[in-house]
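# Summary of the model geometry
Letter by letter, the chains look like this.
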Amino acid sequence: MKVFGKILGRKGGKHRVWIVGGKMEKTIIDLKGKREDLSGRVHQLPCCVKHNGPATVSHYFKPKPSDGGDEGLPLQQAHFRGRLLQGTTLHLPHGYSGFVLAKTSPHKWQTSATFHDITYWNHHYAPSPNDDFSRAFHWLTLAQALHNPVTPEELASSSATL
Amino acid sequence: MGSRIVPQWASKPCAMGIDEAGRGPVLGPMVYGCLYCAQSYLKTLATLSFADSKTLKEEKREELFETLKTNDSIGWDVDVIDPRELSAKMLKKNKINLNEISHSSAMGLIDRVLKMGVLLTEVYIDTVGDAGKYEAKLSNTFPSIKFVVAKKADSLYPVVSGASIVAKVTRDRALREWVLDETAENMQRNFGSGYPGDPQTKSWLENHKHHIFGFPTLVRFSWGTCNTYFKDIAEVLWESDNLDEDGASNNSNGKRQLKLSNVGFTTSKKRSEEIESSGKGRCRFFQARKLEHLTHF
């Protein structure tokens, strides 16, 4: 399930520009710039379409609300290349945004659009919180806990309990 | 659609015929139709000039359908199977072939009519697949009914001929009144008959193929015919396609069924990595969630 050219980045002034990679090669990702909001239009399909570029998606891809789903997720269904897809829309957690990046030079990426939700689709089975894609979001909670600054008070209290 | 009021004669032993229309076409719905009446009415039914719907002209079929709808001694029903459903079932991971879909549709009709309160004692039906096996399957599901499963049942038994008219007229009307899901410009409705050999169908398919979406959802993507049109469109690789799957399977007509995994050439290993991330080599938390570490773009 690779999401080509899309990354999830943290909002907030400090992180507007990301620098990835180490040593000699640095890649600069500019998260400012043009900001078309693609919310409601970002789909993660259970397949790889070997094509890069625009397509008349709204004329051909017509998701409809569907019944079912034991987990209380609002489900949708659609058809792609003859296959039945069942999907659900996940809203990105508070504090996160999705970015669509375009390469402007060998080590420079520009934001061409942002989004705040992703609709992911399974081939012929209903989405559930146990799907890999849903579970990948667990990392965001974990990452926050790992990377939040620790205050001297917290350190003191946890040392005391040890 | 179909008869809704249970007639008085339904409590007497009844016979039913079942037939299909639109099994072969590459587009549009497949329709199963049934017609039933009291056993005592079968003789009269034989005089109603029902014949195998394929031998009748369209106007004659329409006329006969209207007549049988107003005939109080006859009941009928249809099951219209959407092309989206046909494609989806035949292309899902555990594929359901057209024979199985056909069997379920026919059995669904029998079930519906029985539940209405019609005393079915005999059912005549054209065979789909091996007649003996089909008969056994039907008799197992409905032990109280005597089944006659025969080739060309539609020309042998008037009750099946009637069912064939019900099915064929319903299929033709459904196609005629079909509302395309797609809203792109230049969508035409001149599908022709839908048979892969029909020149009008061929040119419609050629004019309506799409680089990304393949075809409008009216088309049965699981038909081998689609392969010919898909040669130069964008390749799509599915996560759900088994990597060790080889070759295309045959459907009952001996036609090759489309498997998108066969379009283009990639080795299994490369293909799986292309479609899915793995989290390979990382801590179990990431592996379980297939989270890869992206070190470069």
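What you see is a predicted model, and the numbers here were worked out from it, not measured in a lab.

What counts and how
Residues numbered from 1 in each chain as written. Chains lettered and ligands numbered in written order. Predicted model: local features only at pLDDT ≥ 70, side-chain atom pairs only at ≥ 80, totals over all residues. Heavy atoms only, no water. Helix = DSSP H or I, 4+ residues; strand = E, 2+ residues; numbered from the N terminus. Buried < 20%, exposed > 50% of the residue type's maximum accessible area, 1.4 Å probe, protein only. Contact = heavy atoms within 4.5 Å. Phe/Tyr/Trp six-rings, centres within 6.5 Å; stacked < 30°, edge-to-face > 60°. Polar contact = N/O pair within 3.5 Å; in protein donor to acceptor, adjacent residues only side chain to side chain. Pairing = 2+ DSSP bridges. Axes fitted to C-alpha atoms, helices over the stretch in contact; angles between N-to-C directions. Arc of directions from axis to C-beta.

Scanning chain A from terminus to terminus reveals four helices and twelve strands. Residue burial in chain A is summarised as follows: out of 162 residues, 36% are buried. In chain A, of all internal contacts separated by at least 6 residues, the share reaching a separation of at least 24 is 59%.

The subject of this paragraph is the packing of aromatic side chains. All names here are of chain B. Enumeration over the complete set of coordinates arrives at 18 aromatic pairs over all chains. Ring geometry for Phe221 and Phe230: centres 6.1 Å apart, planes at 40°, overall tilted. Considered together, Phe221 and Phe230 belong to a single accessibility category, that of buried residues. Pairing Phe285 with Phe286 gives two aromatic rings, centres 5.3 Å apart and planes at 90°, and the pair type is edge-to-face. Residue Phe285 is classed as buried on the basis of its relative accessible area of 19%. Phe286 sits in the buried class, given a relative accessible area of 14%.

Further remarks concern the side chain of A:His123. Structurally, the position occupied by A:His123 is in strand 12 (residues 117–123). Under the relative-accessibility criterion, A:His123 is labelled buried at 7%. One polar contact links A:His123 to B:Ser240, side chain to side chain, over a distance of 2.7 Å. Contacts of A:His123, omitting those with residues within four sequence positions, involve A:Pro46, A:Arg83, A:Leu84, A:Leu85, B:Leu91, B:Lys92, B:Lys93 and B:Ser240.

Residue and element names in this part refer to chain B. Strand order in the open sheet formed by five strands is 3-2-1-4-5, and the pairing between neighbours is mixed. Across the chains shown, the open sheet's two edge strands, defined by having one partner strand only, are strand 3 (75–81) and strand 5 (146–150). Each strand axis lies, on average, 15° off the axis of its neighbour in the sheet, ignoring direction. As judged from the seven bridges shared by strand 2 (residues 30–38) and strand 3, these two strands associate in the antiparallel manner.

Because the α-helix completes a turn every 3.6 residues, residues three or four places apart line up on one side. Residues and elements named next belong to chain B. Regarding helix 8 (residues 199–207), the residues found buried are Thr201, Trp204 and Leu205. One face of helix 8 carries all of its buried residues, which in axial projection span an arc of 100°. Opposite the buried face of helix 8, at more than 90 degrees from it, the exposed residues are Pro199 and Asn207. In this fold, the buried residues of helix 8 make contact with helix 9 (225–229). Two to three positions downstream of the cap, the backbone nitrogen of Gln200 sits 2.8 Å from a side-chain oxygen, assigning the N-cap of helix 8 to Asp198.

Before going further, it helps to examine the sheet that holds strand 5 (residues 43–44) of chain A. All names here are of chain A. Strands sit in the order 5-12-9-8-7 across an open sheet of five strands; the sheet is mixed. Lying at the two open borders of the sheet, with one neighbouring strand each, are strand 5 and strand 7 (64–66). One ladder, built from two bridges, connects strand 5 with strand 12; its direction is parallel. In the strand pairing of strand 12, Gln44 is matched with Tyr120.

Coordinates in, geometry out; function isn't part of it.
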